[in-house]
Amino acid sequence: MPSDISHYAWIVPLFPLAAFLILTALGRQGKKLGAAVSVATGGASFALACAVYLGRLKEHAADYAWNSWTWLKAGDFSLTMGYEVTNLGTLMLLVVTSISLLVLIYSCGYMQEDERFTVFLGYVSLFSFSMLSLVITVNLIQFYLFWELVGACSFLLIGFWYRRPEARAAAKKAFLMTRVGDMGLFFAILLLYWNMPNHALEFTDIQNVFSAHTLNLTGAPFSAGLTTVIALLIFLGAMGKSGQFPLHSWLSDVMEGPTPISALIHAATMAAAGVYLIARTYPIFLASDTALDVVSAVGAFTALFAALLAIGQNDLQRVLAYSTVSQLGCMVLAMGLGSWAAYSAGISHLFTHAFFKALLFLSAGCVIHAVHTQDIRRMGGLAGKLKTTAWTFGIGALALSGIPPFSGFWSNDAILAEAYRDRPLLFAVALLTAVLTAFCMTRLFFLVFLGDGRGQAGHDDVAGGAAGDTTGGAGNPGDPGDPGDPGDPGDRLEPLPRTMTVPLIVLAVPAAAAGFLFLPGSAMSGFGRWLTGGSVKHGAGWAVLLLSTAAGLAGLGLGYLVYGRGERAAVRASGADGGSAALSRYGRAAEAGFYVDAFYRRAIIIPVKGLGLLLEWFDRYIVDGLVRLAAHAMLWLARLGTRLQNGKVQTYGLITLLGLVVLMLAFAGRRFLHVG
Amino acid sequence: MLNNLIDNLKDPASYLYMLFAILAIGGGIVMLNSAKVVHMVASLAVTFISLAGLYLTLGAGFVAIVQVLISAGAVSILMIFGIKLTKHRHDGEDEREEAEKVGARSGHLHEILAAVGVLALFGVLYYAIRKASFPTAPAAEPVNTILATGKLLVSRYALPFEIMAVLLTAAFVGAIVIAKREEE
Amino acid sequence: MSGILSPYLTLGAILFCIGLFGALTKRNAIIVLLSIELMLNGVNLNLVAFSKMGVAPSLTGQVFSLFTITVAAAEAAVGVALLIALYRNKPTSDVSEMDELKH
């Protein structure tokens, strides 16, 4: 029976866990076997996730929770673990399993030559396991457990090429920044634990307490101030994982790891975990207007900030990273608007963003794999040689820019509609962000795929890498969509293995079409109702629709004007722009992330390091010094003792005399003590 | 005792005691402070002789004579023999030079501690002597101690006497054996 | 002072302590032996004094002091013999250099 499939949702994370264990046991051998195992388990979990989703498609599917495994008991308090299957969770299961599977297939082509290939697959499987378990957790402690596990996996993956110092630094930075956010979440859990009736931390209990709270303010265990504090602390956790300002700079360094995990982390999963957290604890946010204001403001600011940063970057992956941050800001903005309609708008954007962002990252990976450079100023004219990559990238870019009828348009429009209704100022910010995003994507597309090649024929970095290196992946003859490459002497691009291009095509489908789930009218409100279990009204204002389309097209046009035509474009593109100094200064500032990292370095890292050095000095000289002092004192005492054993009779005689005297004095003195 | 000092000074019999006591103690102190070893032996011989005098005042004639013969005579001569047989390269001034040669610090500590210990011991002994109450002695009639001692030695203390003989034999045989030059 | 015991005991104690100090402090082995002789003589004085003026005056004290003198002489002889044997080994009669019987 379909609805009973929900009972088996807990098996979904177990497939990747099994893959992780098998891959760890395999070690570094067995690349083919490892690849087969991971893809098979990925496929299995995807299939089960689809089954669960289909089973819940009918209206009013009940949430199913099983929460009976006692994990620890402390006196009266016992912590149970279990799983809960809601519609939101099912959606996330679908997203995570599908993108994980596609990333795994892609990695088989991308990471084939790496000697730690099976380790990589193992980590990716572990990551899938953690993320999938996160999605079906039943209480906040379990959620926190898997939240941290996801963070640890991202650390492992970002620092996968650990021999490079930049990779190590990036992994450390990611972990530390998300940790700062996680502290907020932890304190929120503590506060909830202390104040919830029965110390219950289950999501359903939280929902009950806080929903009642919004309706009936008297007699609630949480004051308004406390609710706001808890909500803000939870948001801090979400800020860490979802890269909101000021905890955003770790996302742009994810590129130090292999490209497939940029797709995995940015697009589908970890970055969206923050938004998911807000969604799960939404009743707390609804109960506090201050928190909602903060959330939406931060989201809007991040969106605009990151979009401004994105248009100044010259590294292909960094552009995409900052655009991810910007889109996450939009999602957070939507969640902060404070209505169930906005909630479903945000979640729908999360859904579509997962697909087209993964598509963009994977195709970027294809480009990088082919030309061995990440600097877009050195690319150009690749559309002829990497056809499949080009048109899938194009679809992704259009989706991200919010051009109808691609999926991004619908979800973005939903957010804009809700913003227009509730907070016009933020609507303006979001609209501006949309323009900038479209501009950025157009710039990217033109610089990478169109125009004249600026970096290929005769260039050392390409020739050195590609010469004599025709790895076709798992025995594939190469991408049939690129007929131009191997034979042409002027262009020495590697052919792309089919394992890398097929996921692109597969992803292009939902990137293009998933928007139709959200069409205004019956289907969209159906989605909203299905998601939230209540009736959700969507205002499908035509004004907003037109405005958002116009914004997207405006951005597109601007990009074409600046980068699309003729020699001026080529000059600008190569970065040797003799034009305004302001623009190049802007470019430099953007590359430095508007100096946020420099600020962190000066304001936080150096003082903390200084404190660390001080404490280390203290530890070494005072704490260790005391220990060594004790040791030396004992040694000194011992040496003193050995001096008594010097073999000289007179010394022994003296000691005997002294001992005798002491004894006699003791006996004689007893008389005095007794008398006195 | 000190309270009665003045009274005792009037008693002529105590002059002897004081004389012999000062000689004995003086000899000991001179021994401690002498530079040359032979001087030390000589001063100690003076002490032994004055002790013999004290025994005489105590009515122990035989013991006095034995003391002179053996301690002041044999033992002192023996010691001088020993000194001459084990002569250093530096003749005479052994004590001072030795003390300066080796690290004086530990030597001084040793001496100070020894002095402290000895003084403490003396203090305890003196305290015990003061606190003890001795019965007033009955006047003992002078006896011919030599005859009486001889009688005791062969009757009551015959066994210790014989054991002493054995001890002396063992001692001198042992001394010869130890000091004999090994002729291989 | 022939009737009082304590002066003799005090003198004996003084001699004993002087001898003890010499035995512990002097570096020449002969002088150490000599100091031990002094200690024994101090004890002797005690014995003789008690024999005349003690609780039960008798000749036992004097007889015993004879024995003590004998033992002292024997010990002195053996001590000098030992010293000569040691001197043959290591040409020193310094007590503080005879420290090999240790760990």
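From a predicted model like this one, the values you see are computed outputs, not experimental measurements.

Bringing the overall build of chain C into the picture now. Per the secondary structure count, chain C includes three helices and zero strands. When the helices and strands of chain C are placed in sequence order, the string is α-α-α. Per-residue burial over chain C gives 62% buried out of 103 residues. Taking the intrachain contacts of chain C between residues at least 6 apart in sequence as the baseline, contacts between residues at least 24 apart amount to 55%. Split by element, the accessible area of chain C, about 3500 Å² in all, is 70% carbon and sulfur.

Residue and element names in this part refer to chain A. Running from N to C, helix H5 (residues 140–158) and helix H6 (residues 165–195) point in directions that differ by 175 degrees, and their axes come no closer than 9 Å. One way to sum up the angle between H5 and H6 is to call them roughly antiparallel. Facing Leu140, Ile141, Phe143, Tyr144, Trp147, Glu148, Gly151, Ala152, Phe155 and Ile158 of H5, the residues of H6 in contact are Ala167, Ala170, Ala171, Lys172, Ala174, Phe175, Arg179, Asp182, Leu185, Phe186, Ile189 and Leu192. Taken together, the residues of the contact of H5 with H6 sort by class into 17 nonpolar, one polar and four charged.

For the rest of this paragraph, the subject is the interface of chain A and chain B. The partner chain B presents nine residues to the ten residues of chain A that form the contact. Across the interface of chain A and chain B, roughly 900 Å² is buried in total on both sides, 83% from carbon and sulfur atoms. Here chain A is connected to chain B by zero residue pairs in polar contact (both at pLDDT 80 or more). Per-class residue counts for the side of chain A that touches chain B are seven nonpolar, two polar and one charged.

Here we come to the interface of chain B and chain C. Frequently, the measure chosen for interface size is the accessible area that the parts lose on association. Taken together, the contact between chain B and chain C spans 80 residues of the former and 67 residues of the latter. Of the roughly 6700 Å² buried at the junction of chain B and chain C (both faces included), carbon and sulfur atoms supply 79%. The largest share of the area that chain B buries against chain C comes from Tyr17, Leu58 and Met79 of chain B, three residues that together contribute 10% of it. At the boundary of chain B with chain C, the tally comes to zero salt bridges. Linking chain B with chain C are seven residue pairs in polar contact (both at pLDDT 80 or more), by the criterion used here. Sorting the residues of the side of chain B that touches chain C by element identifies helix H1 (5–10), helix H2 (12–33), helix H3 (37–57), helix H4 (61–85), helix H5 (94–101), helix H6 (104–131), helix H7 (145–154) and helix H8 (158–179) of chain B as the ones contributing at least two each. Per element, the largest residue contribution to the side of chain B that touches chain C is twelve residues, and it comes from H4 of chain B. Of the residues in the side of chain B that touches chain C, the class split is 57 nonpolar, 14 polar and nine charged.

Next up on the list: unusual backbone geometry. Excluding glycine, most residues fall at negative phi; most peptide bonds, likewise, are trans. Backbone torsion omega between Phe245 of chain A and Pro246 of chain A reads 0 degrees, so that peptide bond is classified as cis. Position of Pro246 of chain A among the secondary structure elements: in the loop between helix H8 (224–242) and helix H9 (249–252).

Attention now moves to a positive patch on the surface. Residues and elements named next belong to chain A. Where like charges cluster on the molecular surface, the positive patch consists of Arg168, Lys172, Arg601 and Lys609. Residue assignment for the positive patch shows that the elements contributing at least two residues are H6 and helix H25 (596–644). Structurally, the position occupied by Lys609 is in helix H25. For Lys609, a relative accessible area of 57% puts it in the exposed group.

Before going further, it helps to spend a moment on the pattern of salt bridges. All names here are of chain A. This structure, assessed with the given rule, holds twelve salt bridges over all chains. A salt bridge links Arg179 to Asp182; the nearest nitrogen and oxygen atoms lie 3.8 Å apart. With Arg179 and Asp182 both in helix H6 and three residues apart, the pair spans about one turn of that helix. Overall, the relative accessible area of 2% leaves Asp182 in the buried class. Residues joined in a network through salt bridges with shared partners are Glu148, Arg179, Asp182 and Lys241.

Take empty space enclosed by the protein next. Residue and element names in this part refer to chain A. Within the structure shown, the criterion is met by six cavities of 30 Å³ or more. Of the voids in this model, the largest cavity is the one considered here, and its volume is about 60 Å³. Pro16, Ser38, Thr41, Gly42, Ser45, Thr97, Ser100, Leu101, Leu104, Ser125, Ser128 and Leu132 together form the lining of the largest cavity. Contributions of two or more residues to the lining of the largest cavity are made by helix H2 (31–55), helix H3 (87–110) and helix H4 (117–135). Of the residues that constitute the lining of the largest cavity, the class distribution is four nonpolar, eight polar and no charged.

Take helix H2 (residues 29–53) of chain C next. Its 25 residues place the ends of H2 of chain C 37 Å apart at the C-alpha level, agreeing with the 36 Å of an ideal helix rising 1.5 Å per residue. Within H2 of chain C, 18 of the 25 residues are buried, which leaves the element mostly enclosed by the surrounding structure.

Another point: the confidence of the model for chain C. Detailed reading of the predicted coordinates is not advisable wherever pLDDT is low. Of all residues in chain C, 96% attain a pLDDT of 70 or more, and the chain-wide mean is 88. Helix H1 (residues 6–25) of chain C holds the highest mean pLDDT among the elements of chain C, 93, whereas helix H3 (residues 60–89) of chain C holds the lowest, 91.

With that settled, the discussion passes to helix H16 (residues 387–401) of chain A. All names here are of chain A. Along its 15 residues, H16 runs 21 Å from first to last C-alpha, staying within 8% of the 21 Å computed at 1.5 Å per residue. Most of H16 is tucked away: twelve of the 15 residues are buried. Within the span of H16, buried status applies to Thr388, Thr389, Ala390, Thr392, Phe393, Gly394, Ile395, Gly396, Ala397, Ala399, Leu400 and Ser401. Two residues or fewer past H16, Gly402 is found with a positive phi of approximately 80 degrees.

Let's shift gears to the nonpolar core. Of all hydrophobic cores here, the largest spans 179 residues; its most connected members are Ile99, Phe143, Leu192, Phe235, Phe285, Leu316 and Val367 of chain A. Sort the elements by how many residues they give to this core and helix H15 (residues 340–371) of chain A lands first, with 19 residues. Residue-level mapping places this core at the junction of two domains, with at least three residues from each of domain 1 (1–170 + 257–283) and domain 2 (288–475 + 493–591) of chain A. When sequence neighbours within four positions are dropped, the list of residues in contact with Leu316 of chain A reads Ala364, Val367, Ile368, Gln374, Ile376, Met379, Leu444 and Val448 of chain A. Ranked by size, the runner-up nonpolar core spans 47 residues in total, among them Leu51, Ala60 and Ile129 of chain B together with Ile30 of chain C.

The rules behind these values
- Think of each chain on its own: its residues are numbered from 1, step by step along the sequence as written.
- Both sets of labels track the order of writing: A upward for chains, 1 upward for ligands.
- Since the coordinates come from a predicted model, pLDDT governs what is reported: local features require at least 70, and pairs of side-chain atoms require 80 or more to be given and counted, while whole-chain, interface and lining totals use all residues.
- Values shown for side chains rest on all heavy atoms present in the structure; no hydrogens or waters enter the calculation.
- Only DSSP runs of H or I reaching four residues or more are called helices, and only runs of E reaching two or more are called strands; each is numbered from the N terminus.
- Burial status follows relative accessibility: with a 1.4 Å probe on protein chains alone, a residue under 20% of its type maximum counts as buried, one over 50% as exposed, and anything between as partly exposed.
- In this analysis, two residues are considered to be in contact whenever any of their non-hydrogen atoms come within 4.5 Å of each other.
- To be clear on the numbers: accessible area is Shrake-Rupley with a 1.4 Å probe, and residue cover counts the displayed protein chains and nothing else.
- Axis angles are defined between N-to-C directions and span 0 to 180 degrees, where every axis is a line fitted to C-alpha atoms and, for a helix, only to the segment in contact.
- Any angle from 65 to 115 degrees is called roughly perpendicular, while one under 35 is roughly parallel, one over 145 is roughly antiparallel, and all others are oblique.
- Three classes are used: nonpolar for Ala, Val, Leu, Ile, Met, Phe, Trp, Tyr, Cys and Pro, charged for Asp, Glu, Lys and Arg, and polar for all others, with Gly counted as polar.
- Values labelled buried area give the accessible surface lost by two parts on being combined, using a 1.4 Å probe and summing over both.
- By the criterion applied in these results, polar contacts are pairs of N or O atoms within 3.5 Å in which, for protein atoms, one can donate a hydrogen and the other can accept it, and in which residues neighboring in sequence qualify only through two side-chain atoms.
- Whenever a carboxyl oxygen of Asp or Glu lies within 4 Å of a side-chain nitrogen of Lys or Arg, that contact is scored as a salt bridge.
- Note on patches: the residues involved have over 30% relative accessible area and no salt bridge, like charges join within 9 Å, and the nonpolar side chains Val, Leu, Ile, Met, Phe, Trp and Tyr join within 5 Å.
- We treat Lys and Arg as the positive residues and Asp and Glu as the negative residues; His and chain ends play no part in the count.
- The atoms used to mark charge sites are NZ of Lys, CZ of Arg, CG of Asp and CD of Glu.
- Using a 1 Å grid laid over the protein atoms alone, points where a 1.4 Å probe fits but cannot get out form a cavity; open sets with protein on both sides within 12 Å along at least 5 of 7 lines form a pocket; any residue with an atom within 4 Å of a point counts as lining.
- Grid points are joined across faces, edges and corners, and a volume is the space filled by probe spheres set on the points.
- Expected span of a helix, by definition, is 1.5 Å for each gap between consecutive residues, and there is one gap fewer than residues.
- Predictor confidence is given residue by residue as pLDDT, running from a minimum of 0 to a maximum of 100.
- By nonpolar core we mean a set of buried residues, namely Ala, Val, Leu, Ile, Met, Phe, Trp, Tyr and Cys, connected to one another through side-chain atoms within 4.5 Å.
- Note that the domain bounds were set by an automatic or database domain assignment.

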